[in-house]
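Structure at a glance
Okay, here's what each chain looks like letter by letter:
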Amino acid sequence: MPRLRPPAPTPPDPATGHWLMKSEPDEFSIDDLERRGTEAWSGVRNYQARNYMRDAMRVGDRVLFYHSSCAEPGVVGLARIASPPRADPTQFDPASAYHDPKSTPGAPRWVLVDVAFERRLRRPVGLREIRRHAAKLAGLALLSPGNRLSVMPVLPAHFDLIVALEDA
DNA sequence: GCCAACGTTGGC
DNA sequence: GCCAACGTTGGC
């Protein structure tokens, strides 16, 4: 078996239809998504994240929109997967920060999906607050040490728990 | 700005 | 195929 990775504490099932996607608000925030309605999620350059988008995401899947690398990291809104995966055009563009010289239109390496705004949370649910519920979130990749995945599966129960915190 | 925890690259 | 060096992510 190629590329077996060490088992996560509780292996999340990628086919659950629930995801968390990170964005740096300085680059693209929940405000931006709300304004635009739908956004092509370009720039993912991590194989594991790509594989989730390419192999496991379905139109209509639910998304926790997460602000990272900012003053108040946390989940700020809800979105939906709005398209099947397709080649990310930025990989072919030499002028793009996401250009990948090893990628060609005939053999694209990176994909994107469209993400559609659903709503903002009534208040942001911060990472610190999510951590306080770690006992009920066993296996959530967001809480594993050194987590750097920008696209990750979330168990439905974990998804619901995090959303419920907006009214806690 | 610092640092831990990764993932990737490339020499061998 | 191994592994050290390097680059990146992301919380603090």
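Everything that follows concerns the structure shown earlier in this document.
Residues numbered from 1 in each chain as written. Chains lettered and ligands numbered in written order. Predicted model: local features only at pLDDT ≥ 70, side-chain atom pairs only at ≥ 80, totals over all residues. Heavy atoms only, no water.

Here we come to the pattern of salt bridges. Within the structure shown, the criterion is met by 13 salt bridges. The partner of Asp31 in a salt bridge is Arg120, and the shortest N-O contact between them spans 2.1 Å. Of this pair, Asp31 sits in helix α1 (residues 30-36) while Arg120 sits in strand β7 (residues 114-126), and the two are 89 residues apart along the sequence. Overall, Arg120 belongs to the partly exposed group, its relative accessible area being 34%. (Salt bridge = Lys/Arg side-chain N within 4 Å of Asp/Glu carboxyl O. Helix = DSSP H or I, 4+ residues; strand = E, 2+ residues; numbered from the N terminus. Buried < 20%, exposed > 50% of the residue type's maximum accessible area, 1.4 Å probe, protein only.)

With that settled, consider the nonpolar core. Counting residues in hydrophobic clusters, the biggest one holds 41 residues, and the most contacted among them are Met21 and Leu64. When sequence neighbours within four positions are dropped, the list of residues in contact with Leu64 reads Trp19, Leu20, Met21, Val75, Gly77, Leu78, Val154, Phe159, Ile162 and Val163. (Core = buried A, V, L, I, M, F, W, Y, C linked by side-chain atoms within 4.5 Å. Contact = heavy atoms within 4.5 Å.)

Attention now goes to the protein's contact with DNA strand C. Taken together, Lys22, Tyr66, Ser68, Ser69, Pro73, Leu127, Arg131, Asn147, Arg148 and Leu149 are the residues near DNA strand C. Among the atoms of DNA strand C lying within 4 Å of the protein, the sugar-phosphate backbone contributes 78%. In the environment of DNA strand C, a phosphate oxygen lies 2.9 Å from a nitrogen or oxygen atom belonging to the side chain of Lys22. Contacts to DNA strand C include Arg131, whose side-chain N or O atom sits 2.8 Å from a phosphate oxygen. (Near = heavy atom within 4 Å. Polar contact = N/O pair within 3.5 Å; in protein donor to acceptor, adjacent residues only side chain to side chain.)

Relative to the elements of secondary structure, Leu64 occurs in strand β3 (residues 62-67). Along the chain, Leu64 and Phe159 lie 95 residues apart, while their C-alpha atoms are 7.6 Å from each other.

Let us now look at the environment of Val75. Along the chain, Val75 turns up in strand β4 (residues 74-81). Judged by relative accessible area, which is 0%, Val75 ranks as buried.

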